[in-house]
Every structure is written in C-alpha cells, then in structure tokens.
Amino acid sequence: MLEVYIDAASAGNPGPSGIGIFIKGEGHHEQISEFIGSSNNHIAEFTALIRGLEEAKKLGTSLVSVRSDSKIVVASMEKEYVKNEEFKPLLAQALQLAASFDLFFIKWVPSDQNKAADALARAAILKGK
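(A) Local environment of the sheet that holds strand β2 (residues 15–25). One open sheet holds the five strands; their spatial order is β3-β2-β1-β4-β5, and the pairing between them is mixed. At either margin of the open sheet sits one strand with a lone partner, and together these are β3 (28–39) and β5 (103–108). Strand-to-strand twist of the sheet, defined as the mean angle between neighbouring strand axes without regard to direction, takes the value 20°. Strand direction decides the pairing type here: β2 and β3, joined by 11 bridges, are antiparallel. Along β3, the bridge assignment pairs Ser17 with Gly37. The sheet strands contacting helix α1 (residues 41–58) are β1 (2–10), β2, β3, β4 (63–68) and β5, and the helix crosses β1 at an angle near 150°. On top of the sheet, helix α4 (residues 115–128) reaches β1, β2 and β3; it is set at about 140° to β2, its chief contact.

(B) Representation of α4. Counted at 1.5 Å a residue, the expected span for α4 with its 14 residues is 20 Å, and the 20 Å between its end C-alpha atoms agrees. Along α4, the positions that sit buried rather than exposed are Ala117, Leu120, Ala121, Ala124 and Ile125. Buried positions in α4, seen along its axis, are confined to an arc of 145° and lie on one side of it. Residues of α4 that are exposed and angled more than 90 degrees away from the buried face: Lys115 and Leu126. Buried residues in α4 make contact with β1, β2 and β3.

(C) Fine view of the side chain of Ser65. Tracing the backbone through its elements, the reader meets Ser65 in strand β4. Among the polar contacts made by the side chain of Ser65, one reaches the side chain of Arg67 at a distance of 3.1 Å.

(D) Spatial organisation of the nonpolar core. Formed by 30 residues in total, the largest nonpolar core has its most connected members in Val4, Leu49, Leu53 and Val66. No other element matches α1, which puts eight residues into this core.

(E) Representation of α1 in the model. For α1, which comprises 18 residues, the first-to-last C-alpha distance of 26 Å matches the rise-based estimate of 26 Å (1.5 Å per residue) to within 8%. In this structure Asn40 caps α1, since a side-chain oxygen of it lies 3.0 Å from the backbone nitrogen of His42. Following α1 by one or two positions, Gly60 adopts a phi angle in the positive range, close to 75°.

Reading guide: rules and limits
- Residues numbered from 1 in each chain as written.
- Predicted model: local features only at pLDDT ≥ 70, side-chain atom pairs only at ≥ 80, totals over all residues.
- Heavy atoms only, no water.
- Pairing = 2+ DSSP bridges.
- Helix = DSSP H or I, 4+ residues; strand = E, 2+ residues; numbered from the N terminus.
- Axes fitted to C-alpha atoms, helices over the stretch in contact; angles between N-to-C directions.
- Contact = heavy atoms within 4.5 Å.
- Expected span 1.5 Å × (residues − 1).
- Buried < 20%, exposed > 50% of the residue type's maximum accessible area, 1.4 Å probe, protein only.
- Arc of directions from axis to C-beta.
- Polar contact = N/O pair within 3.5 Å; in protein donor to acceptor, adjacent residues only side chain to side chain.
- Core = buried A, V, L, I, M, F, W, Y, C linked by side-chain atoms within 4.5 Å.

Quick look at the structure:
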C-alpha cells in the first residue's frame, strides 16, 4: 500500500500557492513540490489531492491511503459531496481518480503528522516567487 501525504500552502487567501506530496510504501519514496500560481487554500488542498492520486496511479499501485490535514478535503471525499460550487469539479475529479484504485482510504491527520508534505508545499511557494 502507498501512503500519500498531501498538503497545500497559500501566502494570502488567495495568493501564491504551492502543493506538497510525500509518497511512501511499496519501495517508493517520492517528494513533489509544485507551485500552482495564485489560489485559495481550499482549492490548493484539492489540487494536492488530485496530484497525489495521479502520482499514485503512475506508480501502478492498487492500494492507496491518503493522509491530509485538510478537514474539508477529507470530509468531502468521505461524503462524496461538497457544498461550494467552486470545489465540485475538483471533488468529481478526485473521486474519479480514487475509484480507479482497488482500495482507497483517506484519513485526516493533525498538522504535526503531515510535516513533510507541509514543508514541500511551503517550499513550492518560495520556488514560484
């Protein structure tokens, strides 16, 4: 099983934003740090989830466990629903990707358990400036 830790950071809301993805398991140890331009934090968090799932798919796994400190992302994935119209296409894309795995889990974790992804997201903002 791959463990996919995701996080996003925004310097302002909206503002310059970055995503961080840390993937471990099945012999993999991947770190992704990407600047995504100007965004608000929630959109950046959904973007991190989508990118994390895309990367897991590229690695050819069938079992994925995502860890995020974003309560809105985790709750939206668990309920398969989000109220905000702006987030609906992102949720739909994430759900479609999640459905492509034999087993998919998502779990909320406190920020102190998501430090690697957080550092990657913050570094992405610096790279983009």
